[in-house]
Amino acid sequence: MRNESHHKNWNEVKTNDSWAIFKIMGEFVNGYEKMSKIGPCVSIFGSARTQPDHKYYQLAENIAKKITEHGYGVITGGGPGIMEAGNKGAHLAGGTSVGLNITLPFEQHDNPYIDSDKSIDFDYFFVRKVMFVKYSQGFVVMPGGMGTLDEFFEAFTLIQTHKIAKFPIILVSTAFWSGLIDWIKTTVLEANNNISPGDLNLIHIVDTEDEVLDILNSFYNKVDHSPNF
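Residues numbered from 1 in each chain as written. Predicted model: local features only at pLDDT ≥ 70, side-chain atom pairs only at ≥ 80, totals over all residues. Heavy atoms only, no water.

1. Concerning a nonpolar patch on the surface
The cut-off we apply is this: Residues form patches when they are more than 30% accessible in relative terms and have no salt bridge. Like charges link within 9 Å. Nonpolar side chains (Val, Leu, Ile, Met, Phe, Trp, Tyr) link within 5 Å. Accessible surface area values rest on a Shrake-Rupley calculation with a 1.4 Å probe, where residue burial reflects the displayed protein chains alone. Within this document, salt bridges are pairs made up of a side-chain nitrogen of Lys or Arg and a carboxyl oxygen of Asp or Glu, the two lying within 4 Å of each other. In this text, helices come from DSSP runs of H or I with a minimum length of four residues, and strands from runs of E with a minimum of two, each type numbered from the N-terminal end. Working definition: with a 1.4 Å probe on protein chains only, accessible area under 20% of the residue-type maximum means buried, over 50% means exposed, and in between means partly exposed.
On the surface, Trp19, Ile21, Phe22 and Met25 cluster together into a nonpolar patch covering about 490 Å² of accessible area. Mapped onto the elements of the fold, isoleucine 21 is located in helix H1 (residues 2-35). What makes isoleucine 21 partly exposed here is its relative accessible area of 46%.

Shown next, in the form of structure tokens:
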């Protein structure tokens, strides 16, 4: 009986997995349809826990304002903290403000600065990550936690392996990021050449909104804006 019960439960799992494909497809279709209309945008990543009185929140807001004033929209994960700051800056500057919201048991809730027609909800992290990578003209990565590191390394890997078109990856705050990049240079690069020296040219470390804008403009003076794959 136990074997029969186990066999039955396993078949139910397989059936549920098969039907989940349609939900995944639906998220992709909905995302593609909405994101294809947003125009050139830059994604801003960072901690959901950063408070509005923190210097990184204020810097993210200023970055969003600056790049929006120069023709870029802003995409964030739609939640609080740095994400809210990015959407707020774009909103205050009158630009495109996109939120790719993820359903989580904690931390995540929509912030009020997302354009009403550009708030998209996802159940699957991997579908949401495709939207970030496909429709962003650059990643601005503020200090954050595991999710922020995940987005940074995902983009770095996809560009390094030529799975997507190259775009700027801009790490904001020398104090926060320099230790990680030094470790990549001295340990990852030098230990059996695990990466190529040229790979590090994909990454920029800056401290101001003007530097972010300069990097974006310098890159797109030579390259057209378009989806990345």
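Next comes the rest of the write-up.
2. Concerning the packing of aromatic side chains
Each aromatic ring pair is described using two quantities: the centre-to-centre distance and the angle formed by the ring planes. Rules: Pairing of aromatic rings covers Phe, Tyr and the six-membered ring of Trp, with a centre-to-centre limit of 6.5 Å; geometry is then stacked below 30 degrees between planes, edge-to-face above 60, and tilted otherwise. Consider the ring centre and the ring normal. A charge sits over the ring if Lys NZ or Arg CZ is within 6 Å of that centre and within 35 degrees of that normal.
Taken as a whole, this structure holds 13 aromatic pairs when the rule is applied. Seen in terms of ring centroids, tyrosine 72 and tyrosine 220 are 6.5 Å apart; in terms of plane orientation they differ by 55°. Their pairing is tilted. Within this pair, whereas tyrosine 72 is found in the loop between helix H2 (55-69) and strand E2 (73-76), its partner tyrosine 220 is found in helix H7 (residues 209-220), the two being separated by 148 residues in sequence. Accessibility assignment for this pair places tyrosine 72 and tyrosine 220 in one class, buried. With centroids separated by 4.8 Å and ring planes inclined at 80°, the aromatic side chains of phenylalanine 219 and tyrosine 220 adopt a geometry described as edge-to-face. Both residues of the pair, phenylalanine 219 and tyrosine 220, count as buried. Pairwise contacts between aromatic rings join Phe152, Phe153, Phe156, Phe176 and Trp177 into one cluster. The ring of tyrosine 32 is capped by lysine 134, whose NZ or CZ atom sits 5.8 Å from the centre of that ring. Positioned above the aromatic ring of tyrosine 135 is the side chain of lysine 134, whose terminal nitrogen or guanidinium carbon lies 5.6 Å from the ring centre.

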